[in-house]
Amino acid sequence: MGFDAEFVIIGHRGAAGLAPENTLPAFRLAERLGVDAVELDIRLVDGRLAVFHDSTLERTTNGTGAIEDKSWDEIQALDAGGGERIPEISQVFDVLDGATGVNIELKGKGTGAALAESLMSNRPSHPLLVSSFSITELETFQRSSGSAPIAVLIAKFDERHVHRAIELGAWSLHLHDRLATPERVAHLADCGVRVFIYTVNNPMRLRELRTIGAHGVFTDVPDRCRDEQRKS
Ligand code: G3P
Ligand code: MG
């Protein structure tokens, strides 16, 4: 369990292919399906850390507009799928077993500092990994005494970005699947970081990635990925 497993299966937004993304049932389901860790996205709303992917409400709720412009009460009145509410990050910690890893992706502005502060006052027992596309938010998390390993997300390959990640002491790099060539995965692994690939929903692709030396995948369908793992 957690991020040290030999090959890590991470439930993307819980289990986004099987339950409403980033809701408590999605996280519970991912755990029941045997993931090593779950991934979730956070945004700062009214000074609280909301578990939510998009900058706007339309795609996944019955609300409209930018989530960061709303009050906490306003977003709690919304349906985030199947009658579920948008969770606060502490609720996710509370529903998961302490051995399940939690990868917290800093999405919105101010999340690095807010997460560092929140972990200082309420440190869950779960293995944690804090990631972002934003180096600035990750730096702020570290400067604010954020006590968890960090990971840098890469959607466009740029060697300078990789160097910066290594300078920051990133524990892992999270690479988009279309960038995950055998040469690149081997090169990154040689830099001494773990390499996790997002988002992988095809079991055959999972097998390939394992063979070329990736250390884990994010998946919307942990059931399929676990079945594939069991075969090997
Ligand atoms: O953390 C992996 C993945 O979640 C990054 O992309 O847009 O799904 O948050 P996105
Ligand atoms: Mg994410």
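Higher on the page you've got the structure.
Chemist: Explain the coordination of the magnesium ion (ligand 2) to me, and be specific about the residues and the numbers.
Modeler: Only Glu 39 (OE), Asp 41 (OD) and Glu 105 (OE) from the protein coordinate the magnesium ion (ligand 2), and they sit 2.0 to 2.2 Å from it. Positions of the donor residues of the magnesium ion (ligand 2) along the chain correspond to the pattern E-x1-D-x63-E. In this pair, the class of Glu 39 matches that of Asp 41, namely buried.

Chemist: Requested: an account of the site of ligand 1, with residues and values cited.
Modeler: Every residue near ligand 1 is listed here: His 12, Arg 13, Glu 39, Asp 41, His 53, Glu 105, Lys 107, Phe 133, Leu 153, Tyr 198 and Phe 218. With respect to ligand 1, the side chain of His 53 contributes an N or O atom lying 2.7 Å from an oxygen atom. Contacts to ligand 1 include Lys 107, whose side-chain N or O atom sits 2.9 Å from an oxygen atom. Coverage of ligand 1 by the protein amounts to 90% of the 290 Å² it exposes when considered alone. Here the shell around ligand 1 is composed, by residue class, of four nonpolar, two polar and five charged.

Chemist: So, the pattern of salt bridges: which residues are in play, and what are the values?
Modeler: With the rule as written, the count across this model stands at 14 salt bridges. When the shortest N-O distance is used, the salt bridge between Asp 158 and Arg 160 registers 3.1 Å. In this structure Asp 158 comes out as partly exposed when scored by relative accessible area, which is 27%. A salt bridge links Glu 167 to Arg 164, with the shortest nitrogen-to-oxygen separation between them at 2.6 Å. A residue pair is termed a helical-turn pair when its members lie 3 or 4 positions apart in one helix, as Glu 167 and Arg 164 do in helix H6 (residues 159-167) at three residues.

Chemist: Got a sec to walk through the packing of aromatic side chains? Specific residues and values, please.
Modeler: Inspection of every chain in the model, using the stated rule, returns three aromatic pairs. Taken together, a centroid distance of 6.3 Å and an interplanar angle of 80° make the contact between Phe 133 and Tyr 198 edge-to-face. One end of the pair, Phe 133, is in the loop between strand E5 (128-132) and helix H5 (135-143); the other, Tyr 198, is in strand E8 (residues 194-198), and 65 residues separate them in sequence. Using a relative accessible area of 12% as the deciding quantity, one classes Tyr 198 as buried. Pairing Trp 171 with Phe 196 gives two aromatic rings, centres 6.3 Å apart and planes at 55°, and the pair type is tilted. Linking Trp 171 in the loop between H6 and strand E7 (172-176) with Phe 196 in strand E8, this pair joins segments that are 25 residues apart in sequence. Here Phe 196 falls in the buried class, since its relative accessible area comes to 0%. Taken together, the aromatic side chains of Phe 133, Tyr 198 and Phe 218 make up a single cluster linked through ring pairs.

Rules of the game
- Numbering of residues starts from 1 in each chain and follows the order in which that chain's sequence is written.
- Chain letters start at A and ligand numbers start at 1, both assigned in the order the entries are written.
- Totals for whole chains, interfaces and linings use every residue, but because this is a predicted model, local features are given only for residues with pLDDT of at least 70 and side-chain atom pairs only at 80 or more, for both listing and counting.
- Note that the side-chain values use all heavy atoms of the structure and ignore hydrogens as well as water.
- Each metal's donors are the N, O and S atoms found within 2.8 Å of it, except that Na, K and Ca use a 3.2 Å limit; water is left out, so coordination can look incomplete.
- Only protein chains enter the area calculation, which uses a 1.4 Å probe; residues under 20% of their type maximum are buried, those over 50% are exposed, and those in between are partly exposed.
- We call a residue near a given molecule or strand whenever any one of its heavy atoms falls within 4 Å of it.
- Whenever two N or O atoms come within 3.5 Å, that pair is a polar contact, provided that in protein one can donate a hydrogen and the other can accept it, and provided that, for residues adjacent in sequence, both atoms are side-chain atoms.
- Residue burial considers only the protein chains on display, and all accessible areas are found by Shrake-Rupley using a 1.4 Å probe.
- Classification convention: Asp, Glu, Lys, Arg as charged; Ala, Val, Leu, Ile, Met, Phe, Trp, Tyr, Cys, Pro as nonpolar; all other residues, Gly among them, as polar.
- For this document, the term salt bridge refers to a Lys or Arg side-chain nitrogen within 4 Å of an Asp or Glu carboxyl oxygen.
- Only DSSP runs of H or I covering at least 4 residues are called helices, and only runs of E covering at least 2 are called strands; the numbering of each starts at the N terminus.
- Note on aromatic pairs: the rings of Phe, Tyr and Trp (six-membered ring only in Trp) are paired at centre separations within 6.5 Å, and the planes decide the class, stacked below 30 degrees, edge-to-face beyond 60, tilted for the rest.

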